[in-house]
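# What the coordinates show
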Amino acid sequence: MLGTSVLAIAITFMMLASCAALGGSAPESPAARQHREPPRRVEYVVGLTDARTQTISVSLILRAVPPGELELCLPVWRPGRYQILDMAGTVSGVFARSGDGEPRDIRKVEKATWMVSVAPGDDEIIVDYRVYANSIGDRTRHADDSHAFLSPASVFMYAPSMRQEPLVVRLIMPEGWRIATGLERDPGDASAIVARDYDILVDSPIEAGFHDLIDFDVDGTPHQIAVWWGGVAPGDKPSRRGKLFDEKKLSEDFTKIIRAQRDIFGSLPYTRYVFLVHCYQGGGGGTEHLNSTIVGCSPAAFEEESRYRSFLTLISHEMFHTWNVKQLRPAGIKPYDYQRENYTELLWVAEGATTYYENVALVRAGLITLDHFLGDIGGLVDGDRKRIGSSVQSAEESSFDAWIKFNRPSPDHANTTVSFYDKGAQLSLVLDMLIRNASSGERSLDNVMRELFEKFPLSGPAFTSRDFREAANRAAGVDLSWFFDRHVARTDPVDYESALRAAGLEVSLSEVPARRTIGAAFEDADGGARVSSIESGSAAAKAGLLVGDIIVALNDRRVRGGEAASRMNELVAGATVELTYFRMNVLRRVSVALQEAKGGSWRVRRVGEPSPEQRRIFESWTGQAWKE
Ligand SMILES: [Zn+2]
């Protein structure tokens with residue numbers, strides 16, 4: 001308890017120091033004075049001066065709270081990642097006090113819920129705590145000597161009874177740090193930001209520290225890119241940002257993406273947008289937010305052309321979410337319940353349509369070639385047809401079970417599940433083609449997305465599966481219920497050949513010799529080849545091999561994970577391999593008859609002689625001329 005009291009005193013001191021620095025002897029401007037009176041009922045004071053130890057201190061100040069028990073929570077997940085992350089696990093030193101420093105009882109009642117005793121006469125109740133910020137890959141909270149990244153759901157407790165209250169966040173930062181966020185600044189305090197309510201705060205990550213800032217304007221709307229370079233010591237310029245890190249080109253390429261997507265929806269749903277970029281070795285992935293995004297990338301993104309394309313694909317994906325999921329939200333995740341799983345059968349639209357459009361937007365923006373684009377379309381067909389789980393789990397089931405399957409995959413996941421990202425992109429492609437074909441090229445999935453955006457604004461209701469289906473039927477001008485019944489709710493195989501013909505495309509399987517295999521994947525472990533997955537119905541499954549078995553010899557010759565598959569492929573078709581393996585440290589042997597696995601990939605290419613309608617559909621779809 002001593003430690004927390006000392007922390008409380010330290011934070012009080014920091015708050016006073018902050019106020020002194022703010023006010024000093026200079027008179028406040030009328031705008032600042034107006035803004036500061038009366039104080040907001042919810043205020044966070046965030047101490048980042050210990051960021052170098054990955055420790056963030058937070059004081060949550062609540063005002064005008066009625067006496068009695070007050071419930072406080074920290075979310076157990078964060079929007080954009082449908083997985084229980086239990087961020088309260090890194091909260092410590094929780095201490096409650098009144099505004100004049102008297103300790104108040106605070107006790108935990110659930111894993112992420114506390115009850116505070118508010119005494120009569122307490123004009124303020126202050127809850128101090130620390131957050132260990134060591135988690136960058138999941139984009140929740142990370143700090144070091146060069147920055148602090150705060151995904152608010154991971155850092156800021158809230159009182160459910162005050163969730164709608166306007167709030168202010170004051171940051172106490174090391175010398176030279178600056179702030180990048182989609183939130184508005186407090187006009188009276190350069191180190192403070194304000195939000196209309198807790199939901200807006202949660203959807204607005206905060207990056208504080210040293211970062212490059214690139215400001216640009218898209219047809220009158222301001223945009224900003226903030227790039228933090230991981231691992232670079234404070235004060236040091238990154239020695240080499242990569243030859244592709246060109247501020248002008250970055251803003252031009254981003255602008256092309258934004259315009260291509262705005263043209264689908266008709267307008268930008270924000271007045272300012274911020275791209276937060278974490279560039280560090282191994283960085284990747286992104287999360288959409290209200291008028292900002294946080295994306296990770298590796299330094300190679302600014303060194304190799306192909307990696308830069310992948311980075312733009314990620315930007316395109318997160319940007320598309322600004323409409324699809326941040327504005328028009330599926331039933332089940334609106335409003336967010338931060339303390340439990342939020343179930344929806346529509347992640348195949350929220351994530352899948354977004355995945356489909358990430359490349360559609362890039363080809364329309366002229367940022368990838370037609371060959372590249374058609375290669376990705378072929379990849380969708382190939383991915384669907386090679387996924388065993390495609391015949392087991394529907395797009396709706398994959399969406400609903402995101403919390404326990406996609407985001408917590410078992411070694412058997414390829415046999416029993418699909419990704420709502422991939423399946424959703426595959427179904428979006430087919431639906432787009434069906435609508436274009438049925439409407440003779442007059443309408444497309446673009447019309448569906450735009451109608452939903454206009455009919456289901458953030459301030460209104462969520463959209464349901466039925467709403468989506470009806471919008472698709474309206475765009476097509478025919479009843480597409482069969483598509484939703486068979487391919488969205490069930491797992492019937494998709495006829496890509498017929499669908500893609502609308503745009504003058506044909507589907508074929510590339511000719512590659514068959515491989516000899518046992519239908520398992522391996523990884524290097526314990527000096528052997530550890531079985532990491534087994535295809536259902538394969539030779540390995542029939543022979544009784546299990547995930548986790550460690551194969552140490554193949555036909556009495558030592559084998560390792562990296563070479564097991566190629567050693568089997570070198571044998572003749574129909575041969576039997578003798579495998580010696582450990583299971584739970586017991587040595588065993590088994591004979592497995594090799595199976596033949598079809599080689600080759602499904603791909604998509606343009607027909608030789610398109611009809612005028614095929615050509616027209618292709619050109620309006622890609623925004624590019626048909627020319628071969
Ligand atoms: Zn996404």
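Note that the structure is a prediction, hence the values are computed from the model and not measured.

## Focus: the overall build of the chain
What the chain contains, in helices and strands, is 18 helices and 31 strands. The C-alpha radius of gyration computed for the chain amounts to 28 Å, which stays within 12% of the reference 25 Å derived for 628 residues, consistent with globular compactness. Overall, the C-alpha framework of the chain stretches about 85 × 65 × 50 Å when taken along its three principal axes. Residue burial in the chain is summarised as follows: out of 628 residues, 55% are buried.

## So, the nonpolar core
Where a protein is soluble and globular, its nonpolar side chains tend to be buried together. In this structure, Phe-302, Phe-311, Phe-468, Leu-500 and Trp-621 are the most contacted members of the largest nonpolar core, which totals 92 residues. Here this core spans two domains, and each of domain 2 (210–321) and domain 3 (369–511) adds at least three residues to it. When near neighbours in sequence (up to four residues on either side) are disregarded, Phe-302 contacts Trp-229, Arg-241, Gly-242, Lys-243, Leu-244, Phe-245, Leu-250, Cys-279, Cys-297, Tyr-308 and Phe-311. Judged by nonpolar contacts, the second largest core, of 64 residues, contains Trp-77, Ala-112, Leu-171 and Trp-403.

## With respect to helix α6 (residues 305–321)
Its 17 residues give α6 an end-to-end C-alpha distance of 25 Å, which sits within 8% of 24 Å, the value for a rise of 1.5 Å per residue. With 13 of 17 residues buried, α6 lies mostly within the body of the structure.

## Quick notes on the confidence of the model for the chain
For the chain, per-residue confidence averages 93 on the pLDDT scale, and residues scoring 70 or more make up 93% of the total. Below a pLDDT of 50 lies the segment residues 1–27, which in the model reaches 30 contacts outside its immediate sequence neighbourhood of four places, other chains included.

## Digging into the coordination of the zinc ion
Six octahedral donors around a metal ideally make angles of 90 or 180 degrees; four tetrahedral donors ideally make 109.5 degrees. Protein-derived ligands of the zinc ion are His-317 (NE2), His-321 (NE2) and Glu-351 (OE), with the metal-ligand distances lying across 2.0 to 2.1 Å. Mapped onto the polypeptide sequence, the residues donating to the zinc ion form the spacing pattern H-x3-H-x29-E. Note that His-321 is positioned in helix α6 and Glu-351 in helix α7 (residues 347–364), a separation of 30 residues in sequence.

## Re the sheet that holds strand β11 (residues 147–150)
Across the sheet, which stays open at both edges, the five strands sit in the order β9-β10-β11-β16-β13 with antiparallel pairing between neighbours. What marks the edges here is a single partner per strand, and that holds for β9 (134–135) and β13 (178–181). The sheet contact formed by β9 and strand β10 (residues 141–144) spans two bridges and is antiparallel. The partner of Ser-135 across the bridge, within β10, is Arg-141.

## Quick look at the domain arrangement of the chain
Per the domain assignment, the segments of the chain are domain 1 (2–208), domain 2 (210–321), domain 3 (369–511) and domain 4 (515–597). Taken together, the four residues of domain 1 in the interface contact four residues of domain 3. Carbon and sulfur atoms make up 66% of the area that domain 1 and domain 3 hide from each other, which totals about 460 Å². Counting across the interface, domain 1 meets domain 3 through zero salt bridges.

## Points about the pairing of β11
Burial along β11 is two-sided: His-147 and Phe-149 facing one way and Ala-148 and Leu-150 facing the other are all buried. Pairing of β10 with β11, which is carried by four bridges, proceeds in the antiparallel orientation. Looking across to β11, one finds that Asp-144 is bridged to His-147. Linking two consecutive strands that pair antiparallel, namely β10 and β11, is a turn of two residues. Note: β11 against strand β16 (residues 206–209), four bridges, orientation antiparallel.

## Brief notes about the sheet that holds strand β3 (residues 68–73)
Here we have three strands laid out as an open sheet, ordered β3-β7-β6, and antiparallel in their pairing. The sheet is open, and its two borders are formed by β3 and β6 (106–110), each paired with just one other strand. Adjacent strand axes in the sheet meet at a mean angle of 30°, parallel and antiparallel pairs treated alike. Relative to strand β7 (residues 113–118), β6 runs antiparallel, the two sharing four bridges. Opposite Ile-106, over in β7, you have Val-116 as the bridge partner.

## Focus: the pattern of salt bridges
In the structure shown here, the tally under the stated rule is 39 salt bridges. Arg-63 serves as the salt-bridge partner of Glu-124, at 2.8 Å between the closest nitrogen and oxygen. One end of the pair, Glu-124, is in strand β8 (residues 124–132); the other, Arg-63, is in strand β2 (residues 55–63), with 61 residues separating them in the sequence. Judged by its relative accessible area of 14%, Arg-63 falls in the buried class. Residue Lys-249 is joined to Asp-253 by a salt bridge in which the shortest nitrogen-to-oxygen separation is 2.9 Å. Here Lys-249 and its partner Asp-253 are both found in helix α5 (residues 247–265), four residues apart, which amounts to about one turn of the helix.

## Re the packing of α7 against helix α12 (residues 445–455)
At a minimum axis separation of 13 Å, α7 and α12 run at an interaxial angle of 110°. Considering their axes alone, α7 and α12 lie roughly perpendicular with respect to each other. For the crossing formed where α7 meets α12, the hand is left-handed. Only Leu-445, Asp-446 and Met-449 of α12 make contact with α7, whose side of the interface consists of Tyr-356, Tyr-357 and Arg-364.

Scoring rules and cut-offs
Residues numbered from 1 in each chain as written. Predicted model: local features only at pLDDT ≥ 70, side-chain atom pairs only at ≥ 80, totals over all residues. Heavy atoms only, no water. Helix = DSSP H or I, 4+ residues; strand = E, 2+ residues; numbered from the N terminus. Rg over C-alpha atoms; globule rule 2.2 N^0.38 Å. Buried < 20%, exposed > 50% of the residue type's maximum accessible area, 1.4 Å probe, protein only. Core = buried A, V, L, I, M, F, W, Y, C linked by side-chain atoms within 4.5 Å. Domains from an automatic or database assignment. Contact = heavy atoms within 4.5 Å. Expected span 1.5 Å × (residues − 1). pLDDT = per-residue confidence, 0-100. Donors = N, O, S within 2.8 Å, 3.2 Å for Na, K, Ca; no water. Pairing = 2+ DSSP bridges. Buried area = accessible area lost by both parts, 1.4 Å probe. Salt bridge = Lys/Arg side-chain N within 4 Å of Asp/Glu carboxyl O. Axes fitted to C-alpha atoms, helices over the stretch in contact; angles between N-to-C directions. Parallel < 35°, antiparallel > 145°, perpendicular 65-115°, else oblique. Left-handed = near helix turned anticlockwise from the far one by under 90°.

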